[in-house]
Amino acid sequence: MHRSRMRWLGGAAAVGGVGVLVVAGGARAVESGPAAYSASTSVGVHNAYLQSAFPYFADALDSGAGMLEIDVWTNFFGSGWRVGHDSPFVNQNNCVGAGSPDELRSGDRDQSLAACLTDIRTWHDANPGHRPIQLKLELKDGFADNLGRGPAAFDALVEQTLGDAVFRPADLTGGHASLDAAVTADGWPSRDALAGKFLIHLIPGTVEQGNPFDNLWTDVEYGRHLRDLAAAGELGSATAFPAVLRAEAGGDPRVGRYEESIRPWFVVFDGDADVFVESVDTGWYTDRNYLLVMTNAHNVAPPISGTDPTEREALDRVRQLADSGAAVASSDWTGLPSVLGTVLPH
């Protein structure tokens, strides 16, 4: 376990020089100090693009959450990059494609991924120095490179919309040969250094995983993309980090899943919190400065509500996962802004 001593100062805690605030406002950089991004725990929101979660994606950005999840479809049943939960044909979401801050909560919702990213950029420009935010993208049915929706096209879309607001793999590698070499040697930048940045991580989607004809999942495809870009001296064009999906007990989960050449391009691990807490030596990950995204935080024993626990229950759960090394503790606690804005050390 990874524990830190804390003293509470009204709505804040101070630990080892790191300020830890519980806040409702999402437009401010709320933490300070030298701690590396991987050594702190923020709170994520599952499926933050749903209108039932937030009326507009700007509300998700204002919530204070440290991670927001978006589901993306690419298949031939519809055009472009679509955002929705169980709607492969059309967009169903809270994005409007706002060109200015006063448009963030107006206009038609149910727009494309490009519109969601445009909302994010518009909000970013209106909130300089905002907290670092992870954008977790589940590619529901995977990339579709044959339809012009592969990794390179994804990078181009992110570049066109978010541009310099993104913290990229090349920003982490520095002079190192891979992401793994960089984080194990130097770790991640501090939260202060990442203020005003978005970090995108990608996971294989539920439909992709269940498709017997799909033998090239998102994680492998983007991992190879990073490897090949690095070999060509073009890593700077990459915009996302592929994540190892699902927690596994015992050893390095990359060894059994990926060819050796792409293993060093995975430094984000995404899985169910209860498996990480109950079955995994999370110290193996934190000692190497990897990011642990713990989902379904409410399912850790004893389980609490995934939608409306008490504030105390939710905060205690975040502290528990911080003790276990989570970089993100994710659930559906959209009605608890004071919890969503929590940042703790571990």
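Note that the coordinates shown come from a computational prediction; the quantities given were computed from them, not determined experimentally. (Residues numbered from 1 in each chain as written. Predicted model: local features only at pLDDT ≥ 70, side-chain atom pairs only at ≥ 80, totals over all residues. Heavy atoms only, no water.)

S.K.: Mind showing me how you'd approach the state of the cysteines here?
M.R.: Between two cysteines, a covalent bond joining their sulfur atoms is known as a disulfide. This model, assessed by the stated rule, comprises one disulfide. Bridging Cys95 to Cys116, the disulfide has an S-S length of 2.0 Å. Because the torsion about its S-S bond is 100 degrees, the bridge between Cys95 and Cys116 counts as right-handed. One end of the pair, Cys95, is in the loop between strand E6 (82–83) and helix H2 (113–126); the other, Cys116, is in helix H2, and 21 residues separate them in sequence. The class of Cys116 is buried, set by a relative accessible area of 0%. (Disulfide = S-S within 2.5 Å. Helix = DSSP H or I, 4+ residues; strand = E, 2+ residues; numbered from the N terminus. Buried < 20%, exposed > 50% of the residue type's maximum accessible area, 1.4 Å probe, protein only.)

S.K.: How do you make sense of the pattern of salt bridges when you look at a structure like this?
M.R.: Note on pairing: side chains with opposite charge can pair once their charged atoms come close. For the coordinates displayed, the defined rule picks out 16 salt bridges. Across the pair Arg105 and Asp59 runs a salt bridge whose closest N-O atoms are separated by 2.7 Å. With Arg105 in the loop between E6 and H2 and Asp59 in helix H1 (residues 57–62), this pair connects stretches of sequence that are 46 residues apart. A salt bridge links Glu259 to Arg224; its shortest N-O distance comes to 2.8 Å. You can see Glu259 sitting in the loop between strand E9 (240–245) and strand E10 (268–272) and its partner Arg224 sitting in helix H7 (residues 218–231), a full 35 residues away along the chain. (Salt bridge = Lys/Arg side-chain N within 4 Å of Asp/Glu carboxyl O.)

S.K.: Could you clarify how one ought to interpret the environment of Asp287 in this entry?
M.R.: Within the secondary structure, Asp287 is located in the loop between helix H9 (283–286) and strand E11 (291–295). Through-space distance from the C-alpha of Asp287 to that of Thr184 is 8.1 Å; in sequence the pair is 103 residues apart.

S.K.: Please clarify how the packing of helix H3 (residues 151–161) against H7 should be interpreted in this entry.
M.R.: Helix-helix packing: each pair is described by the crossing angle between the helix axes and the interaxial distance. For the pair H3 and H7, interaxial distance at closest approach is 10 Å and the crossing angle is 80 degrees. Relative to H7, the element H3 lies roughly perpendicular. For the pair H3 and H7, the contacting residues are Pro151, Ala152, Phe154 and Asp155 in the first and Glu221, Tyr222, His225 and Leu229 in the second. Broken down by class, the residue content of the contact of H3 with H7 amounts to five nonpolar, one polar and two charged. (Axes fitted to C-alpha atoms, helices over the stretch in contact; angles between N-to-C directions. Parallel < 35°, antiparallel > 145°, perpendicular 65-115°, else oblique. Contact = heavy atoms within 4.5 Å. Nonpolar A, V, L, I, M, F, W, Y, C, P; charged D, E, K, R; others polar.)

The quantities given are spatial measurements derived from coordinates; they are silent on function.
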